[in-house]
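# Residue-level structure breakdown
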Amino acid sequence: MSDFLPGIELSRAFYSEVVAPLVGSVPHSAALIGPGSEVLEFDTARSADHDWGPRVLVFAAAGEVEDVRARVVAGLPERFRGLPTVFGYHGVVRPGVLVAELGEWLTERLGFDPRGGMSPLDWLSVPWQSLAEVTRGEVFHDGLPADGLEAVRAVLRWYPADMWRYVLACQWRRIAQEEPFPGRCGEVGDELGSAVVGARLAREVMRLALLLRRRYPPYAKWLGSALARMPGSAELGVSLGRAVAARTWREREAALSAAYGRVAATQNRLGLAEEMDVRVRAFHDRPFQVIGGDRFARALLEAVSDPVISGLPLVGCVDQVVDSVEVLLSPSRARAVATAALGLVA
């Protein structure tokens, strides 16, 4: 376990020592991006038990792809750093080097090629995990002409300002929809129901915290790890941990209230919208403490200047609409859901 070499380091060496000499002088870009825990640097020795090994994505012009692929496959050694260079990856045994045309690969991963410009539907139909997979990882070489790999990654790195405000507003709305429920469940003796809702709210706060810090929230397995790695997140993590571990609804409510206040203060510091009071308050005339998530959502929407974005329903991106993995892993399904929920067209 102590000898584990993180996948991104393995792939960097694999490209430099093996793949680059095989590609030669052909203009190309090479990277470790796309699916895989190593792309987000969450891999451990446990990750190496499946879908893991020396990997590199090589992007070449359409007319060069077949030749480069044949050259690489013919020249690959059987092993690199003691690991096979041909291995099972998501159910298919193939070389660890994928050669593709950039536009085709982007369309397969995202549902469109962002080099042609991005519409609101484009932004809102791509899951956060997919955006993270394209913008994280590492580019080892970027030798394609203009609009190459790094240019694409720069476009996708983060939402335009008004789109960011809109997605944040929708995340606050998700909190607003359920924030009084841990108390209401607890009041009638349903501590299990209160705990379930409290955990749901903790997840939404975690995703909100990452979005506020310009980080695409990863899927469930890595959400806590992503939050823990975010600078300044320790106290928020403690509050959320207390909320999830609480045995009574009052303890749960107090911990969630502390977490709400922290993310609200972060939004105020960013200056994305009018500064809001970060103190919790009673939910109407009921004895439940809430932050009033809709206050923050309204403030963000009022700061949006783009009429198309300000006119969108308070629904959000595909991750804020659906949790189904079968949808989020399929660009066509994700786009269909976003289209139906938002009433948008490309």
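Quick note: structure is the one above.
An account of the accompanying structure is given in this report. (Residues numbered from 1 in each chain as written. Predicted model: local features only at pLDDT ≥ 70, side-chain atom pairs only at ≥ 80, totals over all residues. Heavy atoms only, no water.)

A tally of regular secondary structure across the chain gives 16 helices and 10 strands. Taken over C-alpha atoms, the radius of gyration comes to 23 Å for the chain, in line with the 20 Å a tight globule of 346 residues would show. Expressed along its principal axes, the backbone C-alpha trace of the chain runs to roughly 75 × 50 × 35 Å. Across the 346 residues that make up the chain, the buried fraction comes to 51%. Taking the contacts inside the chain whose residues are at least 6 apart along the sequence as the reference set, 72% of them involve residues at least 24 apart. Carbon together with sulfur atoms contributes 54% to the accessible area of the chain, which is approximately 15800 Å² in total. (Helix = DSSP H or I, 4+ residues; strand = E, 2+ residues; numbered from the N terminus. Rg over C-alpha atoms; globule rule 2.2 N^0.38 Å. Buried < 20%, exposed > 50% of the residue type's maximum accessible area, 1.4 Å probe, protein only. Contact = heavy atoms within 4.5 Å. Areas by Shrake-Rupley, 256 points an atom, 1.4 Å probe, with all protein chains shown as cover.)

All right, on to the sheet that holds strand E7 (residues 97-100) then. Taken in spatial order, the 4 strands of this open sheet run E7-E2-E1-E8, and their pairing is mixed. Both outer strands of the open sheet, E7 and strand E8 (138-142), are each paired with one neighbouring strand and no more. Looking at each pair of strands side by side, their axes are set apart by 20° on average, direction ignored. The strands touched by helix H2 (residues 65-75) within the sheet are strand E2 (56-60) and E7, with E7 carrying the most contacts at an inclination of about 165°. (Pairing = 2+ DSSP bridges. Axes fitted to C-alpha atoms, helices over the stretch in contact; angles between N-to-C directions.)

On to the environment of Ala 228, then. Take Ala 228: it is sitting in helix H10 (residues 220-229). When its relative accessible area of 61% is taken as the criterion, Ala 228 is described as exposed. For Ala 228 and Met 206, which are 22 residues apart along the polypeptide, the C-alpha to C-alpha distance reads 9.9 Å.

Before going further, it helps to examine the nonpolar core. By size, the foremost hydrophobic cluster in this structure holds 102 residues, and its most contacted members are Phe 59, Leu 124, Tyr 159, Tyr 166 and Trp 172. With residues up to four places along the chain from it excluded, the contact list for Tyr 159 reads Trp 123, Trp 128, Leu 131, Trp 164, Val 167, Leu 211, Tyr 216 and Cys 317. (Core = buried A, V, L, I, M, F, W, Y, C linked by side-chain atoms within 4.5 Å.)

Bringing the packing of aromatic side chains into the picture now. Here the structure, examined in full by the defined rule, presents 12 aromatic pairs. When the centroid spacing of 5.2 Å and the interplanar angle of 70° are considered together, the rings of Trp 158 and Tyr 159 count as edge-to-face. With respect to class, Trp 158 is no different from Tyr 159; both count as buried. The interplanar angle of 80° and the centroid separation of 5.8 Å between the aromatic rings of Trp 249 and Phe 288 together place this pair among those described as edge-to-face. Taken together, the residues Trp 249 in helix H12 (residues 249-270) and Phe 288 in strand E10 (residues 286-290) connect sequence positions 39 residues apart. Comparing Trp 249 with Phe 288 shows no difference in burial state: the two are buried. Taken together, the aromatic side chains of Trp 123, Trp 158, Tyr 159, Trp 164 and Tyr 216 make up a single cluster linked through ring pairs. Residue placement shows Arg 214 over the ring face of Trp 164; its charged tip is 5.4 Å from the ring centre. (Phe/Tyr/Trp six-rings, centres within 6.5 Å; stacked < 30°, edge-to-face > 60°. Lys NZ or Arg CZ within 6 Å of the ring centre and 35° of its normal.)

Attention shifts here to the side chain of Arg 55. The residue Arg 55 is located in the loop between strand E1 (28-32) and E2 in this model. From its side chain, Arg 55 meets the backbone oxygen of Pro 35 in a polar contact 3.0 Å long. Setting aside chain neighbours within four positions, we find Arg 55 in contact with Ser 11, Phe 14, Leu 32, Pro 35, Gly 36, Glu 38, Val 39, Phe 87, Tyr 89 and Gly 96. (Polar contact = N/O pair within 3.5 Å; in protein donor to acceptor, adjacent residues only side chain to side chain.)

Our focus in this paragraph is a positive patch on the surface. A cluster of like positive charges, contributed by Arg 136, Arg 213, Arg 215, Arg 229 and Arg 269, occupies part of the molecular surface. Tracing the backbone shows Arg 136 in the loop between helix H5 (128-135) and E8. The exposure class assigned to Arg 136 is partly exposed, which follows from its relative accessible area of 36%. (Patch = residues over 30% accessible without salt bridge, like charges linked within 9 Å, V, L, I, M, F, W, Y side chains within 5 Å. Salt bridge = Lys/Arg side-chain N within 4 Å of Asp/Glu carboxyl O. Lys, Arg positive; Asp, Glu negative; His and termini not counted. Charge placed at Lys NZ, Arg CZ, Asp CG, Glu CD.)

Secondary-structure assignment places Glu 38 in the loop between E1 and E2. Not counting chain neighbours up to four residues away, the residues in contact with Glu 38 comprise Gly 7, Ile 8, Leu 32, Asp 43, Trp 52 and Arg 55.

Right, let's talk about the pattern of salt bridges for a bit. Applying the stated rule across the entire model yields 22 salt bridges. As a salt-bridge pair, Glu 138 and Arg 12 come within 2.8 Å of each other at their nearest N and O atoms. Here Arg 12 lies in helix H1 (residues 7-23) and Glu 138 lies in strand E8, a separation of 126 residues in the sequence. Judged by its relative accessible area of 36%, Arg 12 is partly exposed. Note that Glu 38 is salt-bridged to Arg 55, the shortest N-O span being 3.1 Å. In this pair, Glu 38 sits in the loop between E1 and E2 while Arg 55 sits in the loop between E1 and E2, placing the two residues 17 residues apart along the sequence.

Read these as spatial facts, not as claims about activity.
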